[in-house]
Amino acid sequence: MMTEPIITVEKLSRTFQKGKVKAVKNISFSINKNEIFGLIGPDGAGKTSIFRILTTLLLPDTGFAHIAGYDMVKEYKKIRQIIGYMPGKFSLYQDLTVEENLHFFASIYGTNIDENYHLIEDIYNQLSPFKDRKAGNLSGGMKQKLALSCALIHNPTIMFLDEPTTGVDPVSRKEFWVMLSKLKRKGITILVSTPYMDEASLCDRVALIQDGNILSIDQPGNITKQFPRSLYSIRSNQKGRIINYLRMFKGIYNCYVYGENIHFNFEKEDHREMLVKLKKNLQHKNLFDDTIRIVEPSIEDCFIEMLSGRKSNAIENG
Amino acid sequence: MRTIIILLRKEFRQILRNPVIRAMILIMPIVQLIVLPFAADYEMDNIQLGIIDNDHSSFSEMLITNVTSSGYFQVSKISNSYNEAFKSIESGTSDIILEIPKNFEKDLFREGKQALFIAPNAINGSEALLGSAYLRQIIQDFEGDICPDVMVLGSIDKNRLEITSSNWYNPSLDYHLFMVPGILAILVTMIGGFLSALNIVKEKEVGTIEQINVTPIRKHHFILGKLIPFWILGNIVFTLGTLISWLVYGITPEGSLILLYFCIGVFLLAILGLGFFISTFCNTQQQAMLIMFFFMMIFILMGGLFTPIESMPNWAQVITYFNPLRYLIDIMRMVVLKGSGFHHVAFHLIILSIFAVVFNFMAVLNYKKTS
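Residues numbered from 1 in each chain as written. Chains lettered and ligands numbered in written order. Predicted model: local features only at pLDDT ≥ 70, side-chain atom pairs only at ≥ 80, totals over all residues. Heavy atoms only, no water.

### Re the overall build of chain B
A tally of regular secondary structure across chain B gives 14 helices and four strands. Burial analysis of chain B (371 residues in total) assigns 48% to the buried set. A separation threshold of at least 6 residues defines the contact pool for chain B, and within that pool the share at least 24 residues apart is 77%. Summing over all exposed atoms, chain B offers an accessible surface of approximately 18600 Å²; the carbon and sulfur share of this is 64%. (Helix = DSSP H or I, 4+ residues; strand = E, 2+ residues; numbered from the N terminus. Buried < 20%, exposed > 50% of the residue type's maximum accessible area, 1.4 Å probe, protein only. Contact = heavy atoms within 4.5 Å. Areas by Shrake-Rupley, 256 points an atom, 1.4 Å probe, with all protein chains shown as cover.)

### Here's the deal with the sheet that holds strand β8 (residues 189-194) of chain A
Residues and elements named next belong to chain A. Taken in spatial order, the six strands of this open sheet run β6-β7-β8-β3-β9-β10, and their pairing is mixed. Looking along the sheet, the strands with just one partner apiece sit at the ends: β6 (83-86) and β10 (213-218). Along the sheet, successive strands turn relative to each other by an average axial angle of 15°, direction set aside. In the packing of helix α1 (residues 47-54) onto the sheet, the strands contacted are β3 (36-40), β6, β7 (158-162), β8 and β9 (205-210), and the crossing angle to β8 comes to about 150°. Of the strands in this sheet, β6 and β7 are in contact with helix α5 (residues 140-152), which crosses β6 at around 160°. (Pairing = 2+ DSSP bridges. Axes fitted to C-alpha atoms, helices over the stretch in contact; angles between N-to-C directions.)

### A look at the side chain of His271(A)
With respect to the helices and strands, His271(A) occurs in the loop between β13 (261-266) and α9 (272-284). Here His271(A) is in contact with Ser230(A), Tyr232(A) and Phe266(A), once residues within four sequence places are set aside.

### Section: the sheet that holds strand β4 (residues 117-120) of chain B
All names here are of chain B. The four strands are arranged β2-β1-β3-β4 in an open sheet whose pairing can be described as mixed. This sheet does not close on itself; its edge strands, each paired only once, are β2 (73-79) and β4. Strand-to-strand, the axes of this sheet are offset by a mean angle of 25°, without reference to chain direction.

### Quick look at the domain arrangement of chain B
The parts lose accessible area when they come together, and the size of an interface is often stated as this lost area. Per the domain assignment, the segments making up chain B are domain 1 (7-40 + 172-366) and domain 2 (47-151). Here the C-alpha centroids of domain 1 of chain B and domain 2 of chain B sit 47 Å apart. (Domains from an automatic or database assignment.)

Next up, the structure:
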């Protein structure tokens, strides 16, 4: 496969409020041509700052980046020609119609809708019934489709999508990721950020970010493979009481609510006796109705694992 | 050029779709030009006069008749003592007290002169000033009227000098003629200043500026794309205003209309530039609005419309040199009232051009696509 990097980032940092807030801390990574690269992390992790730096909207304090071979600071004009950016906040003209917005952004890049219609066809088909509606009056999912169309209409080489699925219903989210994989097939490199861990598995490679640092960069499958413990799951309708009990139970490393379930793991891998004891105690307290199963860790589990690792490191280091 | 046309088309669509802007452009000139000149009338009437007549002679009565028949004054109270009259000032029923001394008539004949006492309530400064000036004028006229009598009866040898004046360019000192061009100038300033100051900030607030900034649009294209629509709007407002001053007040410029439009054009570039400059360093419309209000207050109050610049202290006069509105109000009066030609307003135009260049240059410089 192609592994030629199209974006290289070296030791990028950026602070705000005169150095008080460190949004991006000395990060380096590279993105390969024609891959979907995900920046995964909670709100405030620094995802938007990274996006704004790479889209030439924000200057880094230190470090540099090359985008499609262009120097981010010196050749920003060339970069602006070849990238498409979809900010996290809906940023199109709400008082212009769907069609007017699309037409405006196409003509600014010196192109027109017809020329690149093939890129947005799938998306725009769903939008065209509303093409005379003002963008401000569209639903969340439609707004997001319009924003993607406007960012695509000049046929960019690289797309930057900052939390494109935040605030969008689950069906539209799924559709959106299908669209991204179609765009990838058309040869576009995509950098996407999301706070939803379940979307990580849809990326080719992900970087897990927390507090302006990158915790890990790898293919989603490799990240989950590196999960160091056996992970257990309990299904119950008394999650609160189980969590409280698990927190007190000696030998438990981590326990947290995961959707309908509770995930937990033990400090030591040799924990068969503990598990038996735990099962017995829970049954005795009438707390669980189903069974305790071993499950495959997800990106979210890995993220929590990494965060608790960092926390205990921080405590050890003083 | 192509980019600018695209930006213009977008900008006009947005402006025409905004019902508030549409209404402001039509209603503001009409209301301001019809209401304000009547309200901002410098002529004083209905001044409440308290009189203390200690003489009760035919002369004192004649004086009172002269004062009341002038039309400026209404007698609110005739009292017998100063204290009583002063109470009426305190209670607000009188604005000015006129005290006629005892033996006014007798002493006037005997000595040929007499003192009257005027006490205005100076809380409203201009009313006090104008009121006592009117009163003094009436008393002087009265003196002239009775002079022959006095001279016959008494033995006064008095060379009296009468000053008469004629008001050039506005013979009847019609306040509408004086105010309307100035208010029109303020109108153009407000429309241009506020619309431009709020526009770029609005793009920042809504977030659309992010999407614009990642595109290859050049900075000066962007500013021009904003400048031209508002420049045209400013001219439309001015045209409407000129029509209203002709239809309602019958004011037609003595000088050339083309010159007037040229001056407005240059002035608009300056005020729009200032608006955009403010817009570039503000993050919210509220900030931009407050800063623009600060400038507007200074521009309007120190523009020479409400207070003549010549009567300001020197340091304040220096400040007015940096007020673009001052030059426009001057130009408007010169061209509309006096019929001045290009060479009379050339100096004003040069200064306005400097404002235009400096403000717009600062706006382009300060508008950063990257932070």
